[in-house]
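As a plain string of letters, each chain reads:
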Amino acid sequence: GENVEQHPSTLSVQEGDSAVIKCTYSDSASNYFPWYKQELGKRPQLIIDIRSNVGEKKDQRIAVTLNKTAKHFSLHITETQPEDSAVYFCAASIRAGNMLTFGGGTRLMVKP
Amino acid sequence: EAQVTQNPRYLITVTGKKLTVTCSQNMNHEYMSWYRQDPGLGLRQIYYSMNVEVTDKGDVPEGYKVSRKEKRNFPLILESPSPNQTSLYFCASSPAVGQFFGPGTRLTVL
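Conventions used here
In this numbering scheme, every chain counts its residues from 1 along its sequence in written order. Starting at A for chains and at 1 for ligands, labels are handed out in the order in which the entities are written. Residue-level local features of this predicted model are given only where pLDDT is at least 70; pairs of side-chain atoms are given and counted only at 80 or more, and the full residue set underlies all totals for whole chains, interfaces and linings. The side-chain figures draw on all heavy atoms in the structure; neither hydrogens nor water molecules are used. Contact definition: two residues touch when any of their heavy atoms are within 4.5 Å. Two parts placed together each lose some accessible area; with a 1.4 Å probe, that loss summed over both constitutes the buried area. By definition, a salt bridge exists where a carboxyl oxygen of Asp or Glu is found within 4 Å of a side-chain nitrogen of Lys or Arg. Any pair of N or O atoms that falls within 3.5 Å is considered a polar contact. Within protein, one atom must be able to donate a hydrogen and the other to accept it, and sequence-neighbouring residues count only if both atoms are side-chain atoms. Secondary structure elements follow DSSP: runs of H or I no shorter than four residues count as helices, runs of E no shorter than two count as strands, and numbering proceeds from the N terminus. Just so you know the grouping, Ala, Val, Leu, Ile, Met, Phe, Trp, Tyr, Cys and Pro go in nonpolar, Asp, Glu, Lys and Arg go in charged, and all remaining residues, Gly too, go in polar. For two strands to be treated as a pair, DSSP must find at least two bridges joining them. Three exposure classes are used, based on accessible area relative to the maximum for each residue type with a 1.4 Å probe and protein chains only: buried under 20%, partly exposed in between, and exposed over 50%.

1. Notes on the interface of chain A and chain B
Consideration 1: With 19 residues of chain A at the contact, the number on the chain B side is 21 residues.
Consideration 2: Where chain A abuts chain B, roughly 1700 Å² becomes buried across the two surfaces, and 54% of that area is made up of carbon and sulfur atoms.
Consideration 3: Our count for the chain A to chain B interface comes out at zero salt bridges.
Consideration 4: On the surface where chain A and chain B come into contact, there are four residue pairs in polar contact (both at pLDDT 80 or more).
Consideration 5: Only β4 (32-38), β5 (45-51) and β10 (101-102) of chain A provide two or more residues apiece to the side of chain A that touches chain B.
Consideration 6: Its residues assigned to classes, the side of chain A that touches chain B comprises nine nonpolar, five polar and five charged.

2. Let's talk about the side chain of T80 of chain A
Residues and elements named next belong to chain A.
Consideration 1: Residue placement: T80 occurs in the loop between β8 (72-77) and β9 (86-92).
Consideration 2: At 3.3 Å, the side chain of T80 and the backbone oxygen of Q14 are in polar contact.
Consideration 3: Engagement of the side chain of T80 in a polar contact is seen with the backbone oxygen of D17, the distance being 2.8 Å.

3. A short note on the pairing of strand β6 (residues 54-57) of chain B
All names here are of chain B.
Consideration 1: Summarising the sheet, strand β5 (residues 42-51) and β6 pair through four bridges and their orientation is antiparallel. Residue pairing for β6: S49 is matched across the bridge by T55.
Consideration 2: Once β5 ends, the chain turns through two residues before running back antiparallel as β6, passing E53 with a positive phi of about 65°.

4. Description of the pattern of salt bridges
Residues and elements named next belong to chain B.
Consideration 1: Applying the stated criterion across every chain, the model contains eight salt bridges over all chains.
Consideration 2: Ionic pairing is found between D38 and R44, a salt bridge with its closest N-O pair at 2.9 Å.
Consideration 3: Take D38: its relative accessible area is 10%, and that puts it in the buried class.

5. Examining the environment of V13 of chain A
Residues and elements named next belong to chain A.
Consideration 1: Here V13 shows up in strand β2 (residues 10-14).
Consideration 2: Considered as a pair, V13 and V110 are 97 residues apart in the sequence and their alpha carbons are 5.1 Å apart.
Consideration 3: Beyond its immediate stretch of four places on either side in the chain, V13 contacts S18, A19, T80, L108, M109, V110 and K111.

Keep in mind that these numbers describe shape and distance, not what the molecule does.
So this is what it looks like as structure tokens:
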């Protein structure tokens, strides 16, 4: 089955800096890659996703890049703010809505 | 309001006592899933369903059952709970793009 690895497990940045979280996946059939943000005590929420037919997608301060050849994808957050502090999860699936395999999560701390 | 609801939100029970966690969505989504979240292990999928009467195992299905008799409901059944099923459980539904998570059920099995 699919295996998703996520790095780093913790990331501390200064407010205003950029943050990058990286994930690798094992199943070349995977073609849907969502990212979730989970604030303390709350449910995961979808923040951005990408399909395998595109290499990059942006939404304001967040962007995701995908390298299908190398089987890795990354989340980029620019101009970080304290409210970006949370745990971020990447995931992979052969079809959106279908079985999702999650990475282990990255705890992002943005210091004011 | 579009939402996924779960009940109960908190449950403390004893080993072997059958329990059901309900999940309901009002968005007419075809896909529904159950996950458990444990410290250091992230989110792991237990079961998922692609439509009424269509269910399949996820990564960690042992000790759990599900049913999908109606599109809106996807209950999670623990026939004989054990302490290693102590966890935070999330139900999710999907319109085939992204997943919407319920608020979570914190289960403790003594």
